[in-house]
Amino acid sequence: TLPATATVTGGVTYTGSSSYLPTVEQAKTFAIAGASVFLVVRILSLVIAAALLAGLFPAFAQKVSDRVLSRPPGRFALLALLGFAVVIATPVLIFLLLVSFVGMSVAFVILFGYLLLIMLAYLYAGIIAGASLAQGLFKRSQVTWKFAVLGMLGLYLVGTVPVIGGLIVSILVFAAAGAIVAIAHRAVFGRLPE
(Lines give C-alpha, C1' and ligand atoms only; values in the text may rest on other atoms or scores of the structure.)
Protein backbone atom coordinates (compact mmCIF):
# COMPACT_ATOMS: atom_id res chain seq x y z
CA THR A 1 0.00 0.00 0.00
CA LEU A 2 1.15 3.53 -0.75
CA PRO A 3 0.50 6.43 1.58
CA ALA A 4 -1.84 9.08 0.22
CA THR A 5 0.99 11.64 0.18
CA ALA A 6 3.29 9.51 -2.05
CA THR A 7 3.73 10.39 -5.72
CA VAL A 8 4.51 7.85 -8.48
CA THR A 9 6.81 9.46 -11.06
CA GLY A 10 7.82 6.63 -13.42
CA GLY A 11 4.51 4.87 -14.03
CA VAL A 12 3.41 1.60 -12.52
CA THR A 13 4.76 -1.67 -13.91
CA TYR A 14 3.10 -4.93 -13.03
CA THR A 15 5.70 -7.54 -12.14
CA GLY A 16 3.45 -10.51 -11.46
CA SER A 17 4.12 -10.80 -7.79
CA SER A 18 1.16 -13.12 -7.33
CA SER A 19 2.11 -16.65 -8.30
CA TYR A 20 -1.25 -17.37 -9.93
CA LEU A 21 -1.34 -14.30 -12.21
CA PRO A 22 0.85 -14.16 -15.35
CA THR A 23 2.92 -11.18 -16.36
CA VAL A 24 2.18 -9.31 -19.60
CA GLU A 25 4.91 -11.23 -21.43
CA GLN A 26 3.63 -14.54 -20.12
CA ALA A 27 0.07 -13.65 -21.16
CA LYS A 28 1.27 -12.86 -24.71
CA THR A 29 3.17 -16.14 -24.84
CA PHE A 30 0.10 -18.07 -23.63
CA ALA A 31 -2.10 -16.30 -26.20
CA ILE A 32 0.27 -17.18 -29.08
CA ALA A 33 0.59 -20.77 -27.89
CA GLY A 34 -3.19 -21.09 -27.53
CA ALA A 35 -3.81 -19.69 -31.01
CA SER A 36 -1.21 -22.07 -32.45
CA VAL A 37 -2.77 -25.08 -30.75
CA PHE A 38 -6.24 -24.01 -31.94
CA LEU A 39 -4.96 -23.67 -35.53
CA VAL A 40 -3.30 -27.11 -35.47
CA VAL A 41 -6.40 -28.75 -33.95
CA ARG A 42 -8.64 -27.07 -36.54
CA ILE A 43 -6.48 -28.25 -39.45
CA LEU A 44 -6.23 -31.77 -38.01
CA SER A 45 -9.98 -32.02 -37.45
CA LEU A 46 -10.71 -30.93 -41.05
CA VAL A 47 -8.14 -33.34 -42.46
CA ILE A 48 -9.41 -36.25 -40.35
CA ALA A 49 -13.05 -35.51 -41.24
CA ALA A 50 -12.26 -35.40 -44.98
CA ALA A 51 -10.23 -38.61 -44.73
CA LEU A 52 -13.06 -40.35 -42.88
CA LEU A 53 -15.62 -39.26 -45.48
CA ALA A 54 -13.45 -40.49 -48.34
CA GLY A 55 -12.51 -43.68 -46.50
CA LEU A 56 -15.92 -44.64 -45.12
CA PHE A 57 -18.01 -43.55 -48.11
CA PRO A 58 -15.67 -44.02 -51.11
CA ALA A 59 -18.45 -44.53 -53.67
CA PHE A 60 -20.18 -41.27 -52.76
CA ALA A 61 -16.87 -39.37 -52.65
CA GLN A 62 -16.02 -40.77 -56.09
CA LYS A 63 -19.46 -39.83 -57.42
CA VAL A 64 -19.21 -36.24 -56.14
CA SER A 65 -15.67 -35.85 -57.49
CA ASP A 66 -16.58 -37.33 -60.87
CA ARG A 67 -19.63 -35.12 -61.20
CA VAL A 68 -17.59 -31.98 -60.53
CA LEU A 69 -14.34 -32.86 -62.32
CA SER A 70 -15.36 -34.92 -65.33
CA ARG A 71 -17.69 -32.34 -66.78
CA PRO A 72 -16.89 -29.52 -69.21
CA PRO A 73 -16.39 -26.08 -67.64
CA GLY A 74 -19.99 -25.13 -68.43
CA ARG A 75 -21.28 -28.02 -66.32
CA PHE A 76 -18.89 -27.07 -63.51
CA ALA A 77 -20.28 -23.53 -63.62
CA LEU A 78 -23.86 -24.88 -63.52
CA LEU A 79 -23.04 -27.01 -60.47
CA ALA A 80 -21.43 -24.01 -58.77
CA LEU A 81 -24.47 -21.85 -59.59
CA LEU A 82 -26.82 -24.54 -58.27
CA GLY A 83 -24.80 -24.73 -55.04
CA PHE A 84 -24.75 -20.94 -54.77
CA ALA A 85 -28.54 -20.77 -55.27
CA VAL A 86 -29.15 -23.44 -52.63
CA VAL A 87 -26.80 -21.80 -50.13
CA ILE A 88 -28.40 -18.37 -50.64
CA ALA A 89 -32.06 -19.35 -51.05
CA THR A 90 -32.36 -21.85 -48.20
CA PRO A 91 -31.99 -19.30 -45.35
CA VAL A 92 -34.72 -17.19 -46.98
CA LEU A 93 -36.99 -20.25 -47.15
CA ILE A 94 -36.23 -21.09 -43.50
CA PHE A 95 -37.10 -17.52 -42.47
CA LEU A 96 -40.38 -17.63 -44.39
CA LEU A 97 -41.30 -20.94 -42.77
CA LEU A 98 -40.47 -19.62 -39.31
CA VAL A 99 -43.05 -16.87 -39.71
CA SER A 100 -45.90 -19.37 -39.55
CA PHE A 101 -46.47 -21.69 -36.61
CA VAL A 102 -47.20 -24.64 -38.89
CA GLY A 103 -43.98 -24.25 -40.88
CA MET A 104 -41.78 -23.96 -37.79
CA SER A 105 -41.10 -27.69 -37.47
CA VAL A 106 -40.33 -27.96 -41.19
CA ALA A 107 -38.01 -24.96 -40.88
CA PHE A 108 -35.98 -26.67 -38.15
CA VAL A 109 -35.64 -29.84 -40.25
CA ILE A 110 -34.53 -27.78 -43.25
CA LEU A 111 -32.12 -25.81 -41.04
CA PHE A 112 -30.52 -29.05 -39.84
CA GLY A 113 -30.19 -30.28 -43.42
CA TYR A 114 -28.80 -26.91 -44.52
CA LEU A 115 -26.11 -26.89 -41.84
CA LEU A 116 -25.21 -30.48 -42.70
CA LEU A 117 -24.99 -29.54 -46.39
CA ILE A 118 -22.66 -26.60 -45.67
CA MET A 119 -20.36 -28.77 -43.55
CA LEU A 120 -20.33 -31.61 -46.09
CA ALA A 121 -19.82 -29.19 -48.99
CA TYR A 122 -16.67 -27.79 -47.38
CA LEU A 123 -15.29 -31.25 -46.65
CA TYR A 124 -16.15 -32.53 -50.12
CA ALA A 125 -14.53 -29.43 -51.62
CA GLY A 126 -11.30 -30.69 -50.03
CA ILE A 127 -11.92 -34.17 -51.43
CA ILE A 128 -12.55 -32.67 -54.88
CA ALA A 129 -9.30 -30.69 -54.60
CA GLY A 130 -7.49 -33.93 -53.69
CA ALA A 131 -9.08 -35.78 -56.61
CA SER A 132 -8.05 -32.95 -58.92
CA LEU A 133 -4.47 -33.16 -57.66
CA ALA A 134 -4.54 -36.95 -58.05
CA GLN A 135 -5.66 -36.63 -61.66
CA GLY A 136 -3.25 -33.84 -62.49
CA LEU A 137 -0.10 -34.97 -60.70
CA PHE A 138 -0.42 -38.75 -60.31
CA LYS A 139 -2.75 -39.58 -63.23
CA ARG A 140 -5.05 -41.49 -60.89
CA SER A 141 -8.82 -41.19 -60.98
CA GLN A 142 -9.64 -43.18 -57.84
CA VAL A 143 -10.47 -41.04 -54.80
CA THR A 144 -8.73 -42.32 -51.66
CA TRP A 145 -8.43 -41.00 -48.14
CA LYS A 146 -4.79 -40.07 -48.83
CA PHE A 147 -5.80 -37.74 -51.64
CA ALA A 148 -8.57 -36.37 -49.43
CA VAL A 149 -5.95 -35.47 -46.80
CA LEU A 150 -3.76 -33.86 -49.46
CA GLY A 151 -6.70 -31.96 -50.94
CA MET A 152 -7.96 -30.72 -47.57
CA LEU A 153 -4.51 -29.42 -46.67
CA GLY A 154 -4.23 -27.76 -50.06
CA LEU A 155 -7.69 -26.23 -49.76
CA TYR A 156 -6.91 -24.87 -46.31
CA LEU A 157 -3.63 -23.35 -47.52
CA VAL A 158 -5.32 -21.81 -50.57
CA GLY A 159 -7.98 -20.37 -48.25
CA THR A 160 -5.33 -18.44 -46.35
CA VAL A 161 -4.51 -16.32 -49.43
CA PRO A 162 -6.34 -13.03 -48.78
CA VAL A 163 -8.89 -12.48 -51.56
CA ILE A 164 -8.31 -14.98 -54.34
CA GLY A 165 -8.00 -17.90 -51.93
CA GLY A 166 -11.40 -17.23 -50.39
CA LEU A 167 -12.93 -16.94 -53.86
CA ILE A 168 -11.44 -20.25 -55.00
CA VAL A 169 -12.57 -22.02 -51.83
CA SER A 170 -16.07 -20.55 -52.17
CA ILE A 171 -16.38 -21.69 -55.79
CA LEU A 172 -15.27 -25.21 -54.86
CA VAL A 173 -17.67 -25.30 -51.91
CA PHE A 174 -20.54 -24.13 -54.14
CA ALA A 175 -19.66 -26.76 -56.76
CA ALA A 176 -19.52 -29.47 -54.08
CA ALA A 177 -22.87 -28.33 -52.67
CA GLY A 178 -24.37 -28.35 -56.16
CA ALA A 179 -23.06 -31.85 -56.81
CA ILE A 180 -24.41 -33.13 -53.46
CA VAL A 181 -27.82 -31.58 -54.12
CA ALA A 182 -27.92 -32.96 -57.68
CA ILE A 183 -26.97 -36.47 -56.52
CA ALA A 184 -29.52 -36.34 -53.68
CA HIS A 185 -32.23 -35.10 -56.07
CA ARG A 186 -31.41 -37.87 -58.51
CA ALA A 187 -31.49 -40.51 -55.75
CA VAL A 188 -34.83 -39.29 -54.35
CA PHE A 189 -36.79 -38.15 -57.41
CA GLY A 190 -35.23 -40.16 -60.22
CA ARG A 191 -33.03 -39.36 -63.16
CA LEU A 192 -31.89 -35.80 -63.77
CA PRO A 193 -31.36 -34.63 -67.34
CA GLU A 194 -27.66 -34.86 -68.20
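Just above, that's the structure.
Residues numbered from 1 in each chain as written. Predicted model: local features only at pLDDT ≥ 70, side-chain atom pairs only at ≥ 80, totals over all residues. Heavy atoms only, no water.

**Observations concerning the overall build of the protein**
Under the convention used in this document: The way it works is that DSSP assigns letters per residue, a run of H or I at least four long becomes a helix, a run of E at least two long becomes a strand, and they are numbered from the N terminus. Restricting the calculation to C-alpha atoms gives the radius of gyration, and the globule rule supplies 2.2 Å times the number of residues raised to the power 0.38. Relative accessible area decides the class of each residue, using a 1.4 Å probe on protein chains only: under 20% of the type maximum gives buried, over 50% gives exposed, and in between gives partly exposed. Only heavy atoms enter the contact rule, under which two residues are in contact if any of them lie within 4.5 Å. Computed by Shrake-Rupley with a 1.4 Å probe, the accessible areas treat only the displayed protein chains as cover when residues are assessed.
Counting its secondary structure elements, the protein contains 6 helices and 0 strands. Ordering the α and β elements of the protein from the N terminus gives α-α-α-α-α-α. Expected size for 194 residues packed as a compact globule is a radius of gyration near 16 Å; at 25 Å, the protein overshoots this value by more than 25%. For the protein, the residues scored as buried account for 28% of the 194 residues in total. When contacts within the protein are restricted to residue pairs at least 6 apart in sequence, those whose partners lie at least 24 apart make up 68%. Carbon and sulfur atoms make up 75% of the accessible area of the protein, which amounts to about 12600 Å² in all.

**Things to note about the packing of aromatic side chains**
The test is simple: Any Phe, Tyr or Trp ring, taking Trp's six-membered ring, that has another such ring centre within 6.5 Å forms a pair; planes under 30 degrees apart are called stacked, those over 60 apart edge-to-face, and the others tilted.
In the structure shown here, the tally under the stated rule is 3 aromatic pairs. Ring centres of F60 and Y124 lie 5.5 Å apart, and the angle between their planes is 80°; on these two criteria the pair is classed as edge-to-face. Remark: Y124 occurs in helix α4 (residues 104-137) and F60 occurs in helix α2 (residues 58-69); sequence separation between them is 64 residues. Classification of F60 by relative accessible area gives partly exposed; the value is 29%.

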